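# What the coordinates show
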Amino acid sequence: MIKIRFLSSMAKIYSDKIYGTELEKVCGLKNETISFQMAYWSDEEAEAFLLKVESDLPSDLISIYKLGQVPLFYAGKNKMRDGFDRIDSCFCPDPLYHRKTVETISVDYTWSPYYFEEDERNMLYALPHTFQSLFFSINEHEIAIPQGEYHICIKLISRDNGEIITSSDFEIEIENAMVEALAPIYTNWFYEDCLADLYQVPMYSERHFMIMRSFIHKAVEMGMNMILMPAFTPPLDTMIGRNRRNTQLVLIEIKNGHYEFDFSLLIQFIEMCREEGIRYFEHSHLFSQWGARHCPAIYANVNGSMKQIFGWDTAADNPKYRTFLSQYIKELEKLLVGMKLKKKVFFHISDEPQEKDIESYEKAHLILKEIEPDMQVIDAMSCYHFYELGLVDIPIVEITSPDLIMFKQNCTHFWVYYTGGAAAKGYTNRLLNNSGACCRSLGLMMYEAGAEGFLHWGYNYYYDRLSCGLFNPFQNPNGYDATSGSSYIVYPDTDGTAVPSQRMKLMKEAFTDYRALKTLEKKIGREALIHKLNKQYGELTFNTLLTENEILELRSSINKELSMT
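Residues numbered from 1 in each chain as written. Predicted model: local features only at pLDDT ≥ 70, side-chain atom pairs only at ≥ 80, totals over all residues. Heavy atoms only, no water.

Glancing now at the overall build of the protein chain. In terms of regular secondary structure, the protein chain is built from 12 helices and 28 strands. Over its C-alpha atoms the protein chain spans a radius of gyration of 25 Å, differing by no more than 12% from the 24 Å that the globule rule assigns to 565 residues. For the protein chain, the C-alpha atoms occupy an extent of roughly 80 × 60 × 45 Å along the three principal directions. Per-residue burial over the protein chain gives 60% buried out of 565 residues. In the form shown here, the protein chain has an accessible surface area of approximately 22,400 Å², with 49% of it arising from carbon and sulfur atoms. Computed over 56 positive and 77 negative side-chain charges, the separation of the two mean positions in the protein chain equals 4 Å. (Helix = DSSP H or I, 4+ residues; strand = E, 2+ residues; numbered from the N terminus. Rg over C-alpha atoms; globule rule 2.2 N^0.38 Å. Buried < 20%, exposed > 50% of the residue type's maximum accessible area, 1.4 Å probe, protein only. Areas by Shrake-Rupley, 256 points an atom, 1.4 Å probe, with all protein chains shown as cover. Lys, Arg positive; Asp, Glu negative; His and termini not counted. Charge placed at Lys NZ, Arg CZ, Asp CG, Glu CD.)

Glancing now at unusual backbone geometry. Unlike most non-glycine residues, Lys340 shows phi in positive territory, near 60°. As for its placement among the helices and strands, Lys340 is situated in the loop between helix 4 (319–338) and strand 22 (345–347). For Lys340, a relative accessible area of 68% corresponds to the exposed category. At Leu466, a position not held by glycine, the phi torsion is positive, near 60°. Tracing the sequence through the fold places Leu466 in the loop between strand 26 (453–456) and strand 27 (491–492). Residue class for Leu466 comes out partly exposed when judged on its relative accessible area of 31%.

Read across the open sheet, the 5 strands follow the order 4-14-13-6-11; overall the sheet is mixed. The outermost strands of the open sheet, each flanked by one partner alone, are strand 4 (25–28) and strand 11 (124–126). This sheet shows a mean twist of 35° between the axes of neighbouring strands, independent of strand direction. Where strand 6 (residues 47–55) meets strand 11, 3 bridges bridge the pair, whose relative direction is antiparallel. Of the residues in strand 11, the one forming a bridge with Ala48 is Tyr125. (Pairing = 2+ DSSP bridges. Axes fitted to C-alpha atoms, helices over the stretch in contact; angles between N-to-C directions.)

This part covers the packing of helix 9 (residues 442–449) against helix 11 (residues 526–537). Remark: helix 9 packs on helix 11, axes separated minimally by 11 Å, with the N-to-C direction vectors making an angle of 130°. Relative to helix 11, helix 9 is oriented oblique. Once helix 9 is placed against helix 11, the crossing between them reads as left-handed. Every residue of helix 11 that contacts helix 9 at Tyr447, Glu448 and Ala449 is listed here: Arg526, Leu529, Ile530, Leu533 and Asn534. Its residues placed into classes, the contact of helix 9 with helix 11 shows 5 nonpolar, 1 polar and 2 charged. (Parallel < 35°, antiparallel > 145°, perpendicular 65-115°, else oblique. Left-handed = near helix turned anticlockwise from the far one by under 90°. Contact = heavy atoms within 4.5 Å. Nonpolar A, V, L, I, M, F, W, Y, C, P; charged D, E, K, R; others polar.)

The subject of this paragraph is the pairing of strand 17 (residues 251–255). Looking along a regular strand, one sees side chains alternate from face to face of the sheet. The sheet contact formed by strand 17 and strand 18 (residues 258–262) spans 5 bridges and is antiparallel. Residue pairing in the sheet places Ile252 in a bridge with Phe261 of strand 18. Hairpin geometry of strand 17 and strand 18 is characterised by an intervening segment of 2 residues between the two adjacent antiparallel strands and by a positive phi of about 55° at Asn256. Pairing of strand 17 with strand 20 (residues 298–302) involves 2 bridges; the strand directions are parallel. Residue pairing for strand 20: Glu253 is matched across the bridge by Asn301.

Shown next, in the form of structure tokens:
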């Protein structure tokens with residue numbers, strides 16, 4: 001007999017254990033995505049079944065995913081801390097395989113009656129004493145649903161005889177309010193080279209653009225609104241003296257000592273991203289990682305041959321590079337103004353500079369500001385002294401930084417970021433074996449801190465450290481530095497399309513929580529809202545992890561307060 005249990009979207013349903021809160025209904029606002037899960041298993045034998053969903057909600061508002069599991073070989077690096085469900089080797093839930101909402105059920109009599117769902121790739125089997133899950137999302141496109149209570153009946157049908165095995169009801173409550181505030185700026189660094197290498201397609205070929213579009217579409221669907229734009233190959237995660245694969249979008253030719261720029265490929269990339277819903281762009285870093293001491297690898301056509309004209313052997317303040325940047329940035333500015341992107345493109349100098357790098361970073365900053373004073377400079381950094389010296393317009397602060405309090409108190413605008421290392425210190429994170437609540441807590445913490453954006457370094461990074469090797473996260477989730485899921489949040493399907501993850505869903509919910517708080521702030525004021533949160537939960541620092549029940553209760557409270565006229 002198949003057993004089922006309804007749980008929140010934050011529940012983690014491992015093959016051998018369920019971590020999560022059982023629910024009878026979920027609540028949300030008119031224009032937010034609301035998700036829940038249905039865990040299922042068999043007490044005795046493996047049993048194949050079909051799914052039939054009946055609801056007074058339109059079927060196109062209901063999205064259904066089969067929650068897959070990946071083999072987590074090693075999860076002990078982080079030791080046992082708050083925010084982790086478990087640290088043993090296990091099958092870990094994460095990839096979400098989309099299923100049809102309305103199925104056409106047919107029967108075949110080749111050997112004996114066999115009922116099946118036509119054209120459905122992701123079949124369902126309840127296995128004995130092994131937990132699996134279906135993940136339901138309501139209103140993924142965030143249209144306005146009328147207030148009210150909606151009923152969903154989920155029926156499990158035998159493949160052997162077409163009869164109902166079991167059925168159960170679930171309720172969706174829509175409060176009389178809207179999430180009005182815009183989402184914070186959210187970016188996960190996008191790696192074109194990973195996709196070209198994994199799918200073995202030529203860089204920026206028609207097929208490569210199709211694959212990239214699928215991955216960008218899924219990123220936007222899950223809340224991402226900014227993307228890293230590789231005008232030049234991003235100088236990220238590479239050994240000193242070595243280069244990663246060339247992904248440069250700007251084509252350059254040197255004629256009579258003058259640089260000529262062909263932006264056609266860059267324009268194609270930008271237009272694709274905008275068509276999919278990307279609103280902001282990060283220009284690739286204009287100086288080397290960890291200190292801005294060198295130039296990024298830049299290639300140009302020189303007398304009919306493609307050659308590297310700048311790189312590790314070029315000092316950041318080299319006069320030739322300064323001349324190059326001056327010509328390039330002026331031409332790029334004309335393009336951005338023409339495309340109405342001037343205020344929506346942010347520039348990086350160097351990733352994660354340290355206190356010892358201030359002198360070299362300051363030189364690089366001065367070069368750029370002399371060329372274009374209005375350039376918006378953003379960088380991931382944790383040393384407050386950079387901001388104090390006026391070297392960055394919008395700092396992106398690592399959440400474990402001891403200087404975070406200084407940024408909070410003194411920055412007009414700042415964002416935050418984390419890497420997998422933050423998880424080992426008991427902070428919010430999105431590793432595979434983090435609890436769902438640990439992941440989703442981010443939005444509440446960002447609101448309390450006053451952060452306006454979030455950056456993560458890995459959307460689809462399938463290399464090991466320093467861009468070595470290549471791994472498929474379906475087969476080896478620990479492929480990056482034996483860390484479970486730090487470098488990616490989306491999976492590569494065999495056909496070149498992107499498979500989303502439960503962690504992507506939870507990140508989007510985190511930013512919806514942020515938006516709901518910002519919406520309530522318009523009604524009662526930030527000071528009153530912060531007082532309300534602190535009174536109930538204490539100060540929501542990035543390592544004050546709320547439980548699943550606390551997050552559900554908080555959102556219910558916010559929703560009700562917003563719905564009051």
